[in-house]
Amino acid sequence: MLLPVLHAIQDRLGFIPPDAVEGLAHSFNLSRAEVHGVITFYHYFKTTQPARCTVQVCRAEACQSMGADALLAHARQALGCDLHEHSADGGFALEPVYCLGQCATAPAIMINDAVHARVTPARFDRLVAKVATKAEEVA
């Protein structure tokens, strides 16, 4: 029963607040270490506030053979953060992904839920700028 509750919290807040662990442990008659172990075992669960936009760069072999390493280097520089980190303004998170199913049109990235193929550094910059502009309009 712990997993559905963790999913509900994650879906509502976007992450599992660290201060929720003790209450969950008490509710499920588990230790805090057991709850923490479940949260950290599954990569889906986040323990910090998520960025407004998540950029995932495909790290699978097909994308790497078509320039994903150079694209990732560009993404790191453009966003000002490394993999598994957020940009300084909290606007973007940079994450690896291991296949977006776009092998024939590599390299591929995903920004939030949108997949983009044949991404060059210039196209990356345009896509990120477009997403950033939309995020500013909503805020």
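Further up the page is the structure itself.
Residues numbered from 1 in each chain as written. Predicted model: local features only at pLDDT ≥ 70, side-chain atom pairs only at ≥ 80, totals over all residues. Heavy atoms only, no water.

Novice: Can you help me understand the packing of aromatic side chains in this one?
Specialist: Aromatic rings in a pair are described by how distant their centres are and how their planes are angled relative to each other. If you walk through the whole model with that rule in mind, you get three aromatic pairs. Between the aromatic rings of Phe41 and Tyr42, the centroid separation amounts to 4.9 Å while the plane-to-plane angle is 90 degrees, which identifies the pairing as edge-to-face. For Tyr42, a relative accessible area of 36% translates into the label partly exposed. With a centroid separation of 5.5 Å and 70 degrees between ring planes, the pair formed by Tyr44 and Phe45 is classed as edge-to-face. Judged by its relative accessible area of 37%, Tyr44 falls in the partly exposed class. Ring pairing ties together the aromatic residues Phe41, Tyr42, Tyr44 and Phe45, which thus form one cluster. (Phe/Tyr/Trp six-rings, centres within 6.5 Å; stacked < 30°, edge-to-face > 60°. Buried < 20%, exposed > 50% of the residue type's maximum accessible area, 1.4 Å probe, protein only.)

Novice: Just checking my understanding: could you explain the sheet that holds strand S1 (residues 53-58) for this structure?
Specialist: Hydrogen bonds between backbone atoms are what pair the strands of a sheet, whose relative direction is either parallel or antiparallel. Reading across the sheet, the five strands line up as S2-S3-S1-S4-S5 and stay open at both edges, with mixed pairing between neighbours. Edge positions in the sheet fall to strand S2 (85-86) and strand S5 (114-116), since each has one partner strand and no second. Two elements, S2 and strand S3 (residues 92-97), share two bridges in a ladder whose sense is antiparallel. When the bridges of S3 are listed, His86 appears paired with Ala93. (Pairing = 2+ DSSP bridges. Helix = DSSP H or I, 4+ residues; strand = E, 2+ residues; numbered from the N terminus.)

Novice: Would you mind going over the layout of surface pockets with me for this structure?
Specialist: Considering only enclosed or pocket space, the largest pocket measures out at about 660 Å³ in volume. Along its surface, the largest pocket is lined by 20 residues, and His43, Tyr44, Lys46, Thr54 and Glu95 are the ones closest to its centre. Listed by contribution, the elements that provide at least two residues to the lining of the largest pocket are helix H1 (2-13), S1 and S3. The dominant element in the lining of the largest pocket, judged by the number of residues it contributes, is S3, at three residues. When the residues that make up the lining of the largest pocket are grouped by side-chain class, the tally is five nonpolar, eleven polar and four charged. (1 Å grid on protein atoms, 1.4 Å probe; cavity = no way out; pocket = protein on both sides within 12 Å on 5 of 7 lines; lining within 4 Å. Points joined across faces, edges and corners; volume = space filled by probe spheres on them. Nonpolar A, V, L, I, M, F, W, Y, C, P; charged D, E, K, R; others polar.)

Novice: Which parts of the structure should I look at to understand the pattern of salt bridges?
Specialist: A side chain of one charge can pair with a side chain of the opposite charge if their charged atoms are brought near each other. Scanning the entire structure with this criterion turns up two salt bridges. With its nearest N and O atoms 2.8 Å apart, the salt bridge here joins Arg59 to Asp69. Note that Arg59 is positioned in the loop between S1 and helix H4 (61-65) and Asp69 in helix H5 (residues 68-79), a separation of ten residues in sequence. Judged by relative accessible area, which is 17%, Arg59 ranks as buried. One salt bridge in this structure joins Asp82 and Arg76, with 2.5 Å as the shortest N-O distance. For Asp82, a relative accessible area of 32% puts it in the partly exposed group. (Salt bridge = Lys/Arg side-chain N within 4 Å of Asp/Glu carboxyl O.)

Novice: Got a minute to help me understand the side chain of Thr105 in this structure?
Specialist: Looking at the secondary structure, you find Thr105 in the loop between S3 and strand S4 (109-111). Residue classification places Thr105 among the buried residues on the basis of a relative accessible area of 17%. Apart from residues no more than four positions distant in its own chain, Thr105 is found in contact with Ala117 and Arg118. (Contact = heavy atoms within 4.5 Å.)

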